[in-house]
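# Geometric and topological summary
Listed below are the residues making up each chain.
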Amino acid sequence: QVQLVESGGGLVQAGGSLRLSCAASRRIFNGRNAMGWYRQAPGKQRDLVASISAGSITSYGDSVKGRFTISRDNAKNTVYLQMNSLKPEDTAVYYCNTIPALPQQYWGQGTQVTVSS
């Protein structure tokens with residue numbers, strides 16, 4: 001079974017924090033796949049914002065560098081995204097997936113993050 005379930009989003013004021021979680025099926029989260037958090041704002045394309053390799057090497061987009069932290073727990077088949085100092089421009093639906101990403105039919109529902117000014 002191929003499944004990704006994101007959670008942890010919500011409404012937060014600018015400057016606040018949220019922690020997103022992504023539970024992946026073992027078939028996806030096999031300890032060997034690089035994983036990433038993507039986001040899609042209304043009317044915009046889906047972009048990769050953070051990634052973590054199988055060896056836990058991390059990488060971030062310029063817009064979130066220094067504010068977001070990605071981590072993984074291989075024992076729990078889970079990827080996390082700690083988001084601090086949130087800005088209104090971080091408002092988007094956040095998804096997790098492998099890197100490179102799986103085909104569209106294997107994407108989860110995502111979790112909405114809304115940051116108010």
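Only a predicted model underlies this, so the values are computations on that prediction, with no experimental measurement involved. (Residues numbered from 1 in each chain as written. Predicted model: local features only at pLDDT ≥ 70, side-chain atom pairs only at ≥ 80, totals over all residues. Heavy atoms only, no water.)

## Observations regarding the sheet that holds strand β8 (residues 78-83)
Pairing is antiparallel in the open sheet, where four strands are placed in the order β1-β3-β8-β7. Of all strands in the sheet, those with a lone pairing partner are β1 (4-7) and β7 (68-73), marking the two edges. Across the sheet, the mean angle separating the axes of adjacent strands is 15 degrees when strand polarity is ignored. Two elements, β7 and β8, share six bridges in a ladder whose sense is antiparallel. If you follow R72 over to β8, its bridge partner there is V79. (Pairing = 2+ DSSP bridges. Helix = DSSP H or I, 4+ residues; strand = E, 2+ residues; numbered from the N terminus. Axes fitted to C-alpha atoms, helices over the stretch in contact; angles between N-to-C directions.)

## Thoughts on the sheet that holds strand β6 (residues 58-60)
Here we have six strands laid out as an open sheet, ordered β2-β10-β9-β4-β5-β6, and mixed in their pairing. Two strands in the sheet have a free side with no partner beyond their single neighbour: β2 (10-13) and β6. Each adjacent strand pair in this sheet contributes to an overall mean axis angle of 25 degrees, direction not counted. Summarising the sheet, strand β4 (residues 34-40) and strand β9 (residues 92-99) pair through seven bridges and their orientation is antiparallel. The partner of M35 across the bridge, within β9, is T98.

## A few points about the layout of surface pockets
Of the voids in this model, the largest pocket is the one considered here, and its volume is about 180 Å³. What lines the largest pocket is R39, A41, K44, Q45, D47, L48, V49, S63, E89 and T91. When residues of the lining of the largest pocket are assigned to their parent elements, the largest contribution, three residues, is made by strand β5 (residues 47-52). For the lining of the largest pocket, the residue count by class is three nonpolar, three polar and four charged. (1 Å grid on protein atoms, 1.4 Å probe; cavity = no way out; pocket = protein on both sides within 12 Å on 5 of 7 lines; lining within 4 Å. Points joined across faces, edges and corners; volume = space filled by probe spheres on them. Nonpolar A, V, L, I, M, F, W, Y, C, P; charged D, E, K, R; others polar.)

## Quick notes on the pairing of strand β10 (residues 111-116)
Residues T111, V113 and V115 of β10 are buried on one face, while the alternating residues Q112, T114 and S116, pointing to the opposite face, are not. Sheet analysis places β2 next to β10, joined by four bridges and oriented parallel. Paired with L11 across the strands is T114, a residue of β10. As paired strands, β9 and β10 are joined by three bridges and run antiparallel to one another. Looking across to β10, one finds that A92 is bridged to V113. (Buried < 20%, exposed > 50% of the residue type's maximum accessible area, 1.4 Å probe, protein only.)

## Digging into the state of the cysteines
Under the criterion given, the structure shown has one disulfide. The residue that forms a disulfide with C22 is C96, at a sulfur-sulfur distance of 1.6 Å. Placement of C22 in strand β3 (residues 18-24) and of C96 in strand β9 is noted, with a sequence separation of 74 residues between them. Each member of the pair C22 and C96 is classed as buried. (Disulfide = S-S within 2.5 Å.)

## Remarks on the pattern of salt bridges
Enumeration according to the criterion identifies three salt bridges in this entry. Of the charged contacts in the structure, one is a salt bridge between D90 and R39, with a shortest N-O distance of 2.9 Å. Here the residue D90 occupies a position in the loop between β8 and β9, and R39 occupies one in strand β4, the gap between them amounting to 51 residues. Each member of the pair, D90 together with R39, is buried. (Salt bridge = Lys/Arg side-chain N within 4 Å of Asp/Glu carboxyl O.)

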